[in-house]
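Read off the chains here:
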Amino acid sequence: MPCLYLSTNVNLDGVDINPIFSEATKAISAITGKPDTHIMVLLKGSVPISFGASTSEPAAYGELVALGGITKAVKRELIATLGTILQNSKLNVPRTRFFLKVVDVSTPMGSKL
């Protein structure tokens with residue numbers, strides 16, 4: 001079951017976050033081949049984040065944890081796709097201010113993905 005945890009410094013009060021959940025779930029499902037019914041997405045706003053020495057511009061950090069199915073190509077596609085979703089969403093987080101850590105928990109520690 002892939003789990004995406006997103007933190008952003010953007011205040012989510014009054015923001016319709018349902019499209020972000022929907023788009024992220026569909027993207028993760030399409031890219032990893034896992035059914036969308038097995039994907040979890042968590043989103044937390046108003047998190048103090050410093051990125052490039054700036055705390056005022058929108059930024060986001062994410063971690064995607066999955067049990068298998070994460071290759072170098074999948075990892076690259078997840079980073080690009082989820083970055084685009086955040087940039088085009090109401091959060092307006094530029095892709096250049098988004099960092100995604102992708103972890104395959106079925107891979108032995110120290111393995112190079």
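Residues numbered from 1 in each chain as written. Predicted model: local features only at pLDDT ≥ 70, side-chain atom pairs only at ≥ 80, totals over all residues. Heavy atoms only, no water.

Draft legend 1. Quick peek at the pairing of strand E4 (residues 98–104). By the alternation rule, side chains of E4 split into Phe98, Leu100, Val102 and Asp104, which are all buried, and Phe99, Lys101 and Val103, of which none is buried. Looking at chain direction, strand E3 (residues 60–66) and E4 are connected through 7 bridges and run parallel. Among the inter-strand pairings, Ala66 is bridged to a residue of E4, identified as Asp104. For the handedness criterion, the β-α-β arrangement of E3, helix H2 (residues 72–88) and E4 is classed as right-handed. (Buried < 20%, exposed > 50% of the residue type's maximum accessible area, 1.4 Å probe, protein only. Helix = DSSP H or I, 4+ residues; strand = E, 2+ residues; numbered from the N terminus. Pairing = 2+ DSSP bridges. Right-handed = clockwise from strand over helix to strand, strands pointing away.)

Draft legend 2. Helix H1 (residues 18–32), seen in detail. Its 15 residues place the ends of H1 21 Å apart at the C-alpha level, agreeing with the 21 Å of an ideal helix rising 1.5 Å per residue. Restricting attention to buried positions, one finds in H1 the residues Ile20, Ala24, Thr25, Ala27, Ile28, Ser29, Ile31 and Thr32. One or two residues past the end of H1 sits Gly33, with phi positive at roughly 80°. (Expected span 1.5 Å × (residues − 1).)

Draft legend 3. Structural detail: the packing of H1 against H2. At their nearest, the axes of H1 and H2 sit 10 Å apart, and the two run at 165° to each other. When the axes of H1 and H2 are compared, the pair comes out roughly antiparallel. The crossing of H1 and H2 is right-handed. Contacts between H1 and H2 involve Ile20, Glu23, Ala24, Ala27, Ile28, Ile31 and Thr32 from the former and Val74, Glu77, Leu78, Thr81, Leu82, Ile85 and Leu86 from the latter. Counted by class, the contact of H1 with H2 contains 10 nonpolar, 2 polar and 2 charged residues. (Axes fitted to C-alpha atoms, helices over the stretch in contact; angles between N-to-C directions. Parallel < 35°, antiparallel > 145°, perpendicular 65-115°, else oblique. Left-handed = near helix turned anticlockwise from the far one by under 90°. Contact = heavy atoms within 4.5 Å. Nonpolar A, V, L, I, M, F, W, Y, C, P; charged D, E, K, R; others polar.)

Read these as spatial facts, not as claims about activity.
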